Amino acid sequence: MNCFNRRFRRTAPAHGSSKSELVPSKTPRINGWSWPLQALQVVGWLVLIYLTVVTFGIFIPLLPRPWNAVSYAISGISFLFHFFTNIATVTIDPADVSVRAKNNYSTPLPLFDRAKQKHVIQNLHCYLCDVKVGPKVKHCGVCNKCVEGFDHHCKWLNTCVGQRNYRFFLGALVSAILSVFMLIVVILFIFVQHYLDPHILRSAPQFDTMLANTTWLLFLPLAPVKTSSAGLLTLAFITVLLCTICLMLLSHLLGFHLYLFYKGISTYDYVKRSRQKEARKRDSEAKNSCSSKPHSSAQTSPEGSHHCEPTLSQSPSFFRFTNTSPLSSRLSDSICTEVTLENFKKSAEKENSFNYGTENPMQSETSKHLTSNILAYMNYIY
């Protein structure tokens, strides 16, 4: 910013011939099976397949009766429940009813460009989907469609979690925690009994023909595969480590959603409030730094008397002024005002960067009046 030339106060026009001009098109996503698949989604399915194989093919068959039957029942129910709830969460289209009524996902929708349009949804109308929406509807930038009761876009499921599939999402989360915890208990029991009394783990009829206690059978009873004690313990250690990581992540996610349920807010609301809080804190720090001016020029150094004018302190000596000069005070106030305006603009942009939400008319008018007042004050001090 040039403090000495008034002709630089004019803002350059944005690129594009119109504010509502749209950028190249993008086809909306139907659900989590729409291409391209996310890398985290593929990783999640590989982990699920691995844990299913080692649970029912390696560790539970080694348990003695009746614990193997109990483990088969509990783990089988939890794994099946998780599988179907996961499939339901990914398959259900979380879009708003007005979007699903159009049933035209083959037609590309324009991408959202914040430089040309501030809000996707204005006055409960989405100009991208071209439908009327409810107050809790948000337009997901990844799926490129309006989601009813939007909570968040999950990269592990490759779809949005909204009002239509949120219950299935919680069911999949709880069943996954139960399945992983049950597998950890089974592996710890096998690990302890392997050193205390390994004969308890060799109750299957296939072990009767084997004399050595160091040889173990995997994938009982259908396709026995021989392995050593070291191989079995190594596989158990890797599985427990993977299960521990999964259990920590899933428990943290479940606890977070229980907290949101207690507060009565969604993930989107939580992130938005957190960013607004950070923006207010940043603005208050900027105000405090700009208002803390020295009261006496004798107690300040000659190189810089204000914390808010680094550009003046770095400029040549013939542009420096003392604190008693009215021009220096006005220039300092203008720079402080510009810092506040920059922080205000950054906070407004950051609030809208998480997702494309509904514009609040009262907030929009308040921000416009605040911006105009700051600009008027800058024009006055110039």
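Keep in mind it's a predicted model, so treat the numbers as computed, not measured. (Residues numbered from 1 in each chain as written. Predicted model: local features only at pLDDT ≥ 70, side-chain atom pairs only at ≥ 80, totals over all residues. Heavy atoms only, no water.)

Draft legend 1. Inspection of the pattern of salt bridges at higher detail. Scanning all chains against the criterion turns up two salt bridges. When the shortest N-O distance is used, the salt bridge between Asp93 and Lys145 registers 2.5 Å. With Asp93 in the loop between α2 (67-91) and α3 (97-102) and Lys145 in strand β7 (residues 145-147), the pair connects residues that are 52 residues apart, well separated along the chain. Taken as a pair, Asp93 and Lys145 share a single burial class, namely buried. Residues Arg100 and Glu148 are paired through a salt bridge, measuring 3.9 Å at the closest nitrogen-oxygen approach. One end of the pair, Arg100, is in helix α3; the other, Glu148, is in the loop between β7 and β8 (152-154), and 48 residues separate them in sequence. With relative accessibility at 27%, the residue Arg100 sits in the partly exposed group. (Salt bridge = Lys/Arg side-chain N within 4 Å of Asp/Glu carboxyl O. Helix = DSSP H or I, 4+ residues; strand = E, 2+ residues; numbered from the N terminus. Buried < 20%, exposed > 50% of the residue type's maximum accessible area, 1.4 Å probe, protein only.)

Draft legend 2. Expanded view of the sheet that holds strand β3 (residues 121-122). Pairing within the open sheet is antiparallel, and its three strands lie in the order β3-β4-β5. Edge positions in the open sheet fall to β3 and β5 (131-132), since each of these has one partner strand only. The sheet contact formed by β3 and strand β4 (residues 125-126) spans two bridges and is antiparallel. Considered in β4, the bridge of Gln122 is made with His125. (Pairing = 2+ DSSP bridges.)

Draft legend 3. Quick look at α2. Along its 25 residues, α2 runs 35 Å from first to last C-alpha, staying within 8% of the 36 Å computed at 1.5 Å per residue. In this fold, the buried residues of α2 make contact with α1 (39-59), β9 (159-161) and α4 (166-196). (Expected span 1.5 Å × (residues − 1). Contact = heavy atoms within 4.5 Å.)

Draft legend 4. Examining the nonpolar core more closely. Ranked by size, the top nonpolar core spans 29 residues in total, and within it Phe59, Leu62, Leu183, Val186, Ile190, Phe207 and Leu232 carry the most contacts. Counting residues per element, the ones that place at least two in this core are α1, α4, β10 (215-218) and α5 (229-263). For this core, the leading source of residues is α4, giving seven residues. In this view, Val186 contacts Phe59, Ile60, Leu63 and Ser71; residues no more than four positions away in its chain are not counted. Core analysis: the second largest hydrophobic core is formed by 13 residues, Ala95, Tyr105, Val120 and Leu128 among them. (Core = buried A, V, L, I, M, F, W, Y, C linked by side-chain atoms within 4.5 Å.)

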